[in-house]
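Structural description and commentary
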Amino acid sequence: KDIQYVDSYCYNKLEFIRFDSNVGKFVGYTELGVKNAEIWNNNPSYIAAMKAQRETYCLHNVGLWYPNM
């Protein structure tokens, strides 16, 4: 429950959009990022796939990083 999946998109050392599993949607930080976040957030299958990444990637690997959990 404390595990968080974050997928950031950067260009030229500037983060312009991020998906955060705790928020459950994309957040844009630049003009381009806000436009893309709006488009991607309106696609329910893409949001569901990104939310599933927490279970497939994070929870699968948590035992490797934190063996006592």
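Residues numbered from 1 in each chain as written. Predicted model: local features only at pLDDT ≥ 70, side-chain atom pairs only at ≥ 80, totals over all residues. Heavy atoms only, no water.

Quick word on the overall build of the protein
A count of helical and extended segments in the protein gives two helices and three strands. Put simply, the protein runs from its N terminus to its C terminus through helices and strands in the order β-β-β-α-α. In the protein, which comprises 69 residues, the proportion classed as buried is 28%. When contacts within the protein are restricted to residue pairs at least 6 apart in sequence, long-range pairs at least 24 apart make up 24% of them. (Helix = DSSP H or I, 4+ residues; strand = E, 2+ residues; numbered from the N terminus. Buried < 20%, exposed > 50% of the residue type's maximum accessible area, 1.4 Å probe, protein only. Contact = heavy atoms within 4.5 Å.)

Some words on the environment of isoleucine 47
If you trace the backbone, isoleucine 47 turns up in helix α2 (residues 44–65). A residue is classified by how much of its surface remains accessible, and isoleucine 47, at 10% relative accessible area, is buried. Considering only alpha carbons, one finds isoleucine 47 and glycine 24, 23 residues apart in sequence, at a separation of 7.6 Å. Apart from residues no more than four positions distant in its own chain, isoleucine 47 is found in contact with Phe19, Gly24, Lys25, Phe26, Trp40 and Asn41.

Considering the packing of aromatic side chains
Taken as a whole and assessed by the stated rule, the structure comprises six aromatic pairs. Ring geometry for phenylalanine 26 against tyrosine 46: centres 5.6 Å apart, planes inclined by 5°, an arrangement best described as stacked. Residue phenylalanine 26 is found in strand β3 (residues 25–28), and its partner tyrosine 46 is found in helix α2; the two are separated by 20 residues along the sequence. We classify phenylalanine 26 as buried; its relative accessible area is 2%. Judged by relative accessible area, which is 28%, tyrosine 46 ranks as partly exposed. These aromatic residues form a ring-pair network of at least three members: Tyr5, Tyr9, Phe19, Phe26, Trp40 and Tyr46. (Phe/Tyr/Trp six-rings, centres within 6.5 Å; stacked < 30°, edge-to-face > 60°.)

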